[in-house]
Amino acid sequence: MSEHIVSPKIYIFIFASLMLGTGITVWAAFQNFRQYNIVIALAIATIKATLVILYFMHARYSPKRTQLVIVCSIFWLAIMLGLTLSDYDTRPHEMQPGEGRLVQPTPAHFLSV
Amino acid sequence: MHRTGDLYGQFQTLEQQKETASLGMWIFLVTEVLFFGGMFLTYTINRSAYSTAFGIGSNTLDIKLGAGNTVVLIMSSLTMAMAVWSAQVGKKKLVSVFLIATLGLGTVFLGVKAVEYKQKFDHHLVPSRNFDMKYHPTHPMPGDDLKEPALEKKEVEEAFAHDPDINAHGQLYFSLYFGMTGLHALHMIVGAGLLLWLIKGSFAGRFTPQYNTPVEIVGLYWHFVDIVWIYLFPLLYLIDRHR
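Because the structure is predicted, anything quoted here is derived from the model rather than measured.

**Q** Before we go on, may I ask you to explain the overall build of chain A in this structure?
**A** A count of helical and extended segments in chain A gives four helices and zero strands. When the helices and strands of chain A are placed in sequence order, the string is α-α-α-α. Of all 113 residues assigned to chain A, the portion counted as buried reaches 27%. Accessible surface, chain A: about 7,300 Å² in total, of which carbon and sulfur atoms supply 69%.

**Q** Could you clarify how one ought to interpret the packing of aromatic side chains in this entry?
**A** Each aromatic ring pair is summarised here by two numbers: the centre-to-centre distance and the angle between the ring planes. Residue and element names in this part refer to chain B. The tally for this structure, following the rule as stated, stands at 18 aromatic pairs over all chains. When the centroid spacing of 5.0 Å and the interplanar angle of 85° are considered together, the rings of Y173 and F174 count as edge-to-face. Classification of Y173 as buried rests on a relative accessible area of 0%. Overall, F174 belongs to the buried group, its relative accessible area being 0%. One aromatic cluster is present, formed by Y43, F54, Y117, F121, F131, Y173, F174, Y177 and F178 through successive ring pairs. Of note, K134 hangs over the ring of F160, and the distance from its end group to the ring centre comes to 4.2 Å.

**Q** It is not clear to me how the packing of helix α3 (residues 64-89) of chain A against helix α1 (residues 14-49) of chain B should be interpreted in this structure. Could you clarify?
**A** In a pair of packed helices, the angle between the axes and the distance between the axes together describe the arrangement. With their axes 9 Å apart at the nearest point, α3(A) and α1(B) run at an angle of 15° to one another. Considered as vectors, α3(A) and α1(B) are oriented roughly parallel to each other. Crossing of α3(A) over α1(B) shows right-handed handedness. Of the residues in α1(B), those touching α3(A) at A:R65, A:T66, A:V69, A:I70, A:S73, A:W76, A:L77, A:M80, A:L81, A:T84, A:L85 and A:Y88 are B:E19, B:L23, B:W26, B:I27, B:V30, B:V33, B:L34, B:G37, B:G38, B:L41, B:T44 and B:I45.

**Q** Would you take a moment to explain the packing of helix α7 (residues 166-203) of chain B against helix α8 (residues 213-237) of chain B for this structure?
**A** Residues and elements named next belong to chain B. Viewed as axis vectors pointing N to C, α7 and α8 meet at an angle of 160°, and their least axial separation amounts to 10 Å. Looking at the two axes, α7 sits roughly antiparallel to α8. α7 and α8 meet at a crossing whose hand is left-handed. When grouped by side-chain class, the residues that make up the contact of α7 with α8 number 21 nonpolar, four polar and no charged.

**Q** So what exactly am I meant to see when it comes to the environment of B:V225 here?
**A** Residue and element names in this part refer to chain B. Here V225 shows up in helix α8. Sequence separation between V225 and V33 is 192 residues, and the spatial gap between their C-alpha atoms is 10 Å. Those residues in contact with V225 that lie beyond four places of it in its chain are L73, H184, H187 and M188.

**Q** I keep staring at the interface of chain B and chain A and nothing clicks. Help me out?
**A** Interface size is often expressed as the accessible area that is lost when the parts come together. With 55 residues of chain B at the interface, the matching set in chain A holds 52 residues. Here chain B and chain A share an interface that buries about 4,700 Å² over both sides, 76% of which is from carbon and sulfur atoms. Joining chain B to chain A, the criterion identifies one salt bridge. Among the ionic pairs, B:E19 bridges to A:R65, the shortest N-O distance being 4.0 Å.

**Q** Quick question: what am I supposed to make of the pattern of salt bridges here?
**A** Working definition: two side chains of opposite charge can pair if their charged atoms are close together. Residues and elements named next belong to chain B. Under the counting rule described, the total for this entry stands at five salt bridges over all chains. Between E216 and K18 there is a salt bridge, and its shortest N-O distance comes to 4.0 Å. Here E216 is found in helix α8, whereas its partner K18 is found in helix α1, with 198 residues between them in sequence. The same class applies to E216 as to K18, namely buried.

**Q** Would you take a moment to explain the side chain of B:K113 for this structure?
**A** Residue and element names in this part refer to chain B. Position of K113 relative to the elements: it lies in helix α4 (residues 92-122). Only 2.8 Å separates the side chain of K113 from the side chain of Y237, close enough to count as a polar contact. Setting aside chain neighbours within four positions, we find K113 in contact with N69, Y177, T181, W229 and Y237.

**Q** Looking at this structure, I do not really get α7(B). What am I missing?
**A** Since one α-helical turn is 3.6 residues long, residues separated by three or four positions face the same way. End to end, α7(B) covers 54 Å across 38 residues, agreeing with the expected 56 Å (1.5 Å per residue, within 8%). One or two residues past the end of α7(B) sits B:G205, with phi positive at roughly 70°.

**Q** Please explain the side chain of B:T79 as it appears in this structure.
**A** All names here are of chain B. Relative to the elements of secondary structure, T79 occurs in helix α3 (residues 63-88). Here T102 takes part through its side chain, which lies 2.8 Å from a polar atom of the side chain of T79. In contact with T79, other than residues within four places in its own chain, are F98, A101, T102 and L105.

**Q** Looking at this model, I keep getting lost on the nonpolar core. Mind explaining?
**A** Side chains that are nonpolar tend, in soluble globular proteins, to be buried together. Grouped together as the largest cluster of nonpolar side chains are 90 residues, with contacts concentrated most on A:F56, B:F174 and B:Y177. Those residues within four positions of B:Y177 in sequence are excluded, and the remaining contacts are B:L61, B:K113, B:E116, B:Y117, B:K120, B:G182, B:L236 and B:Y237.

**Q** Help me understand the environment of B:P142, please; the structure alone is not making it clear to me.
**A** Residues and elements named next belong to chain B. Relative to the helices and strands, P142 resides in the loop between α5 (135-138) and α6 (153-162). The class of P142 is exposed, set by a relative accessible area of 78%. The spatial distance from the C-alpha of P142 to the C-alpha of F98 is 38 Å, given a sequence separation of 44 residues.

**Q** Can you help me understand the confidence of the model for chain B in this one?
**A** Note that predicted coordinates carrying low pLDDT should not be read in detail. Considering every residue of chain B, the mean pLDDT works out to 92; 96% of them sit at 70 or more. Predicted complex, confidence summary: ipTM 0.91, pTM 0.90.

**Q** Explanation requested: unusual backbone geometry in the structure shown.
**A** Peptide bonds are trans in most cases, and residues, glycine excluded, mostly fall at negative phi. In the Ramachandran plot, A:H58 falls in the positive-phi region, its phi being about 60° despite a non-glycine side chain. Residue A:H58 is classed as buried on the basis of its relative accessible area, which comes to 7%. Phi is positive for B:H124, which is not a glycine, with a value near 60°. As for its position among the elements, B:H124 is in the loop between α4 and α5. Owing to a relative accessible area of 25%, B:H124 belongs among the partly exposed residues under this scheme.

Rules and cut-offs
- Residues numbered from 1 in each chain as written.
- Chains lettered and ligands numbered in written order.
- Predicted model: local features only at pLDDT ≥ 70, side-chain atom pairs only at ≥ 80, totals over all residues.
- Heavy atoms only, no water.
- Helix = DSSP H or I, 4+ residues; strand = E, 2+ residues; numbered from the N terminus.
- Buried < 20%, exposed > 50% of the residue type's maximum accessible area, 1.4 Å probe, protein only.
- Areas by Shrake-Rupley, 256 points an atom, 1.4 Å probe, with all protein chains shown as cover.
- Phe/Tyr/Trp six-rings, centres within 6.5 Å; stacked < 30°, edge-to-face > 60°.
- Lys NZ or Arg CZ within 6 Å of the ring centre and 35° of its normal.
- Axes fitted to C-alpha atoms, helices over the stretch in contact; angles between N-to-C directions.
- Parallel < 35°, antiparallel > 145°, perpendicular 65-115°, else oblique.
- Left-handed = near helix turned anticlockwise from the far one by under 90°.
- Contact = heavy atoms within 4.5 Å.
- Nonpolar A, V, L, I, M, F, W, Y, C, P; charged D, E, K, R; others polar.
- Buried area = accessible area lost by both parts, 1.4 Å probe.
- Salt bridge = Lys/Arg side-chain N within 4 Å of Asp/Glu carboxyl O.
- Polar contact = N/O pair within 3.5 Å; in protein donor to acceptor, adjacent residues only side chain to side chain.
- Expected span 1.5 Å × (residues − 1).
- Core = buried A, V, L, I, M, F, W, Y, C linked by side-chain atoms within 4.5 Å.
- pLDDT = per-residue confidence, 0-100.

Okay, structure coming up:
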């Protein structure tokens, strides 16, 4: 069989990288990067997830057909997140400054849009 | 069904059979991505609307248990990957060893999760009529570190001044916490069942370099569950930790 066997060395290297990523995430959470804390956390999580997909799940060595399915899942997820969030973002709800809660929309909100 | 050895009649080669099986598993995982994606979407919308309550809710979680569990789960992914490798190179004994290690680590993860859930019940932080963010800071539990309570009274009072409805919005955070980690734990339990089935097969010496598809595709599932946790950990445990 022509299947690709990933060597334990690579697995252990990926494992070590994932541990390092976990350490950096925890460290970064205690630093004040203001609004970038969440961006940093998600970026590290995405790098970790990519490593798991490419090596532990063998996506890098899979047939193109399988790789297409993986890319499709990300694409569909992006549609769901992107379109829904842009809808929420452009609705006439307003955040009340400092209160952190949604204000019920009034007819005036809709008229002003 | 007609089969010759490990090869089922509808396939021409073992390789084709294996690729078909893993493609099928990946398509299932796509539906799982969208399933969990819906919960992440709900989380994102609510977190952006009620950031104070989400921050204070996140700070009640035990970061040591959460980070420890992350390490345990990533280790279980490593042992799962090693089980696949052992099957591919024909080390039959090692397949069993690594599968049992994976099951053991998965069980540790679920045990830690149970401890965390119990704490939330003790601290009145489970969405219900008893939910009260003010309860825990004024009622230390046995075993709590009194010098460093998970949530300080001052913090909670500031949060109440910021968001008077914090008990309502905090329940949203905890509903999502229990919903998302609960769904994840349910996947772990299903995975543990699949591992038991694999361990039984590995004791019978079923997995060889020619035929190890079950180990491979359960591995895909297990790694997927790991990826979900890789996102859950920072999103649930690490909000507003720098304050």
